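Here are the chains, one letter per residue:
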Protein chains: 2
Amino acid sequence: MTPIAATVREYLMGLQARIVGTIAQKDGGMFVSDAWEKGPTEQLQGHGITQILENGAVFERAGCGFSHVRGPKLPPSATQHRPELAGAPFEAMGVSLVFHPRNPYVPTAHMNVRMIVATPANGDPVAWFGGGMDLTPYYGFTEDAVHFHATCREALQPFGAELYPRFKTWCDDYFCLKHRNEQRGVGGVFFDDFSELGFDGSFAMLRSVGDAFLPAYMPVVERREHMVYGERERAHQLYRRGRYVEFNLVWDRGTHFGLQSGGRTESILLSMPPLVSWSYQHQAEPGTPEHALTHEFLVRRDWLT
Amino acid sequence: MTPIAATVREYLMGLQARIVGTIAQKDGGMFVSDAWEKGPTEQLQGHGITQILENGAVFERAGCGFSHVRGPKLPPSATQHRPELAGAPFEAMGVSLVFHPRNPYVPTAHMNVRMIVATPANGDPVAWFGGGMDLTPYYGFTEDAVHFHATCREALQPFGAELYPRFKTWCDDYFCLKHRNEQRGVGGVFFDDFSELGFDGSFAMLRSVGDAFLPAYMPVVERREHMVYGERERAHQLYRRGRYVEFNLVWDRGTHFGLQSGGRTESILLSMPPLVSWSYQHQAEPGTPEHALTHEFLVRRDWLT
């Protein structure tokens, strides 16, 4: 392991532990922790720790995974902006999470922070970072979206005022269900191939994003978790969760590529909701909160002005 | 419309009507019939009739769609074996169905029959056919798989004894969840780019396959629909339905391509089950029928020997 990789790994494993600890405390339920290894094959060897809480009081399914893989040849798809590194030995590591709450008033959250380091034959290691977080409500609350975005902006502020608007737009572009002409949620921030602040600056930015997840999400959970709901809200939540499945299996590059290229299925599919419904041409009545969700929240909007 | 297209269209619409009529009678519930149009755009214009029964007594979700689209330029992906026709004006039409029963002992069924006709600038129209049917049980019964396959073989027999084994293998190759190393179900038959019997012979074969669907499936439905089940079987069914979603959204070329290229989302997603669950590392105990399903039924097997 390069010294760079050891440093980042330590941060990522600590982040996973902190997040899982906070969620377990909030929920009262237990995470199962599953250490896995994959390979070695000619293409890849890796290991990880998958932690998951199922059927909790607050979270119906909450998965948080750390993974660290190594391979002799960086796939071209991993280096769109650095074609000269394709084929170099590499390491990739990251923490990824998706939390599906039980109460339909509590939004689903996703966060991911990752680093890739490639070591070309005649040169020093090159590292770059990617990740972000986004929020997917089933019932829209402006103050939740504003809080989430404000926390993201604050986390990025020390690294340049232009980062938040740039990463916010990137997130909107990415988390879009093109076959529905719908955004997955109210967005957040997303970035990839990031190294423009040098290793120290870029890694500091990654940490700032990772550290911001709990402050961005937990106040929203606490504000909504005791709201009373019934069958109508539950049915709406199950239906909307279908969109999460559609996005992840059809559009999400990580999921799609991971499944098609022999990644660890059960860890990749941590993001799947616990219970989901589909029905034909389901449409909410104008004037209802279910209608407001798609028309006022799942659209590109500037939440901070 | 070419005379060829008019003939095939008449057959397909009749087939849809017969199948929907039989299913509605069996269920006692009502299909909603939804006529839609798409375009015209520069790439495509089309229309169709989507018929769907939701929340029925026997079928929890049963969708059967007819569609007919026309375009000025055949996409290269539609003509893997006929590169010389790429770019020619074309028509495509088909009937596609997926039936998700309520009782976990009744298998899910899928059937599709379709034709593409291309008319190159200096030549006569060229038509080819594709389709097939396959069965996805939640509890395995050898006699059901044997009956389904025997009916498929019988339908193909008049057109050559080699067709059934060829199309059976094609089906196994296609309906495979590579990320799980699991077959989607017990298979059936599948074919594409088929014109080797000339138009008349190939179309006769298509009709024979389409006509065989009800005789292949309905006896299985009738044998299983009154079997008593409880929470355990229901939970198993919901979990296994997740595999259906994974296959269709990740691997099925028609679904994936349709969603990514601007097809009609709600018609494409007729195949989605009504209610689905995911859970981490779910594994059945050896010795149970749930374990037998994956180990004895969702594997490549010759059902007719």
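See the structure above.
Residues numbered from 1 in each chain as written. Chains lettered and ligands numbered in written order. Predicted model: local features only at pLDDT ≥ 70, side-chain atom pairs only at ≥ 80, totals over all residues. Heavy atoms only, no water.

S.K.: An account of the overall build of chain A is requested, with residue identities and associated values reported.
M.R.: Along the backbone of chain A there are eight helices and ten strands. Against the 2.2 N^0.38 benchmark of 19 Å for 305 residues, chain A shows a C-alpha radius of gyration of 19 Å, consistent with a compact globule. The dimensions of chain A, computed from C-alpha atoms along their principal axes, are 65 × 40 × 35 Å. Taken over 305 residues, chain A has a buried fraction of 58%. Of the charged side chains in chain A, 28 are positive and 34 negative, and the gap between their average positions amounts to 2 Å. (Helix = DSSP H or I, 4+ residues; strand = E, 2+ residues; numbered from the N terminus. Rg over C-alpha atoms; globule rule 2.2 N^0.38 Å. Buried < 20%, exposed > 50% of the residue type's maximum accessible area, 1.4 Å probe, protein only. Lys, Arg positive; Asp, Glu negative; His and termini not counted. Charge placed at Lys NZ, Arg CZ, Asp CG, Glu CD.)

S.K.: So what about the interface of chain B and chain A? Which residues, and what values?
M.R.: Listed as interface residues are 33 residues of chain B and, on the opposing side, 32 residues of chain A. Together, the buried faces of chain B and chain A total about 2900 Å²; carbon and sulfur atoms form 60% of this surface. Among the residues of chain B in contact with chain A, E266, W278 and Y280 of chain B are the three that bury the most area, contributing 28% of the side total. Summed over the shared surface of chain B and chain A, the result is two salt bridges. Across the salt bridge formed by R180 of chain B and E266 of chain A, the nearest N and O atoms sit 2.5 Å from each other. Across the contact surface, chain B and chain A share 18 residue pairs in polar contact (both at pLDDT 80 or more). Residue assignment for the side of chain B that touches chain A shows that the elements contributing at least two residues are β2 (45-54), α5 (231-251), α6 (253-260), α7 (265-268) and β10 (275-277) of chain B. (Contact = heavy atoms within 4.5 Å. Buried area = accessible area lost by both parts, 1.4 Å probe. Salt bridge = Lys/Arg side-chain N within 4 Å of Asp/Glu carboxyl O. Polar contact = N/O pair within 3.5 Å; in protein donor to acceptor, adjacent residues only side chain to side chain.)

S.K.: Give a description of the relation of the copies chain B and chain A that names residues and reports values.
M.R.: Taken as rigid bodies, chain B and chain A are interconverted by a rotation of 180° and an axial shift of 0.0 Å, the fit giving an RMSD of 0.0 Å. What the superposition gives is, in effect, a two-fold axis relating one chain to the other. In this assembly, 97% of the residues forming the interface of chain B have copies in chain A that are likewise at the interface, indicating an isologous arrangement. (Least-squares fit on C-alpha atoms with pLDDT ≥ 70 in both.)

S.K.: Before we move on, can you summarise the pattern of salt bridges with the specific residues and values?
M.R.: The tally for this structure, following the rule as stated, stands at 44 salt bridges over all chains. R224 of chain A is the partner of D144 of chain A in a salt bridge, and the nearest nitrogen-oxygen pair spans 2.8 Å. One end of the pair, D144 of chain A, is in helix α2 (residues 142-156); the other, R224 of chain A, is in helix α4 (residues 198-224), with 80 residues separating them in the sequence. The exposure classification of D144 of chain A matches that of R224 of chain A, with both residues buried. Among the salt bridges present, the one from E143 of chain B reaches R224 of chain B, with a minimum N-O distance of 3.1 Å. Remark: R224 of chain B occurs in helix α4 (residues 198-224) and E143 of chain B occurs in helix α2 (residues 142-156); sequence separation between them is 81 residues. Salt bridges sharing common partners tie together E143, D144, R223 and R224 of chain A.

S.K.: Describe in detail the packing of helix α6 (residues 253-260) of chain A against α5 of chain B, supporting the description with residues and values.
M.R.: Relative placement of two packed helices is described by the angle separating their axes and the distance separating the axes. It is at 11 Å that the axes of α6 of chain A and α5 of chain B come closest, and there the two elements cross at 100°. Taken together, the axes of α6 of chain A and α5 of chain B lie roughly perpendicular to each other. The residues of α5 of chain B that touch α6 of chain A, namely those facing H256, L259 and Q260 of chain A, are L249, V250 and W251 of chain B. Residues belonging to the contact of α6 of chain A with α5 of chain B are distributed by class as follows: four nonpolar, two polar and no charged. (Axes fitted to C-alpha atoms, helices over the stretch in contact; angles between N-to-C directions. Parallel < 35°, antiparallel > 145°, perpendicular 65-115°, else oblique. Nonpolar A, V, L, I, M, F, W, Y, C, P; charged D, E, K, R; others polar.)

S.K.: Just give me the short version of the packing of aromatic side chains, but keep the residues and values in it.
M.R.: Throughout the structure, instances matching the rule amount to 44 aromatic pairs over all chains. Ring geometry for F167 of chain B and W170 of chain B: centres 6.2 Å apart, planes at 65°, overall edge-to-face. Placement of both F167 of chain B and W170 of chain B in helix α3 (residues 163-174) is noted, with a separation of three residues, approximately one turn of the helix. With 4.5 Å between their ring centres and 10° between their planes, Y174 of chain B and F190 of chain B make a pair best called stacked. Linking Y174 of chain B in helix α3 with F190 of chain B in strand β9 (residues 187-194), this pair joins segments that are 16 residues apart in sequence. The class of Y174 of chain B is buried, set by a relative accessible area of 11%. On the accessibility criterion, F190 of chain B (6% relative accessible area) is buried. Here a set of aromatic residues connected by ring pairs shows up, and it is made of F167, W170, Y174, F175, F190, F191, F194 and F247 of chain A. Its end group placed over the ring of F203 of chain A, R207 of chain A keeps NZ or CZ at 4.4 Å from the ring centre. Between R301 of chain B and the ring centre of F297 of chain B, over which it is positioned, the NZ or CZ distance is 5.6 Å. (Phe/Tyr/Trp six-rings, centres within 6.5 Å; stacked < 30°, edge-to-face > 60°. Lys NZ or Arg CZ within 6 Å of the ring centre and 35° of its normal.)

S.K.: Break down empty space enclosed by the protein for me, citing the residues and quoting the values.
M.R.: Remark: the empty space left among the atoms is shown by a probe the size of a water molecule rolled over them. Residue and element names in this part refer to chain B. Across all of its chains, the model carries seven cavities of 30 Å³ or more by this definition. If you add up the space inside the largest cavity, you get close to 70 Å³. Looking at the largest cavity, the residues that line it are T136, P137, Y138, R184, R240, R241, R243, Y244, L293 and L298. It is α5 that contributes the most residues to the lining of the largest cavity, four residues altogether. (1 Å grid on protein atoms, 1.4 Å probe; cavity = no way out; pocket = protein on both sides within 12 Å on 5 of 7 lines; lining within 4 Å. Points joined across faces, edges and corners; volume = space filled by probe spheres on them.)

S.K.: Give a detailed account of the sheet that holds β9 of chain B, specifying residues and quantitative values.
M.R.: All names here are of chain B. Pairing is antiparallel across the open sheet formed by seven strands, whose spatial order is β1-β2-β3-β4-β5-β6-β9. Lying at the two open borders of the sheet, with one neighbouring strand each, are β1 (32-38) and β9. For this sheet, the mean angle separating the axes of adjacent strands, direction not counted, is 10°. Of the strand pairs in this sheet, β2 and strand β3 (residues 59-71) are connected by ten bridges, and their pairing is antiparallel. Looking across to β3, one finds that G46 is bridged to V69. Its contacts with the sheet place α3 against β6 (126-136) and β9, and it is angled at close to 100° to β9. Relative to β6, α4 is tilted by about 15°, and along the sheet it contacts β3, β4 (90-101), β5 (108-118), β6 and β9. (Pairing = 2+ DSSP bridges.)

S.K.: How would you summarise the side chain of T265 of chain B if you had to cite specific residues and measurements?
M.R.: Along the chain, T265 of chain B falls in helix α7. Among the residues examined, T265 of chain B registers a relative accessible area of 9% and is labelled buried. The contacts of T265 of chain B, once residues within four sequence positions are left out, are H179 and R180 of chain A together with L259 of chain B.

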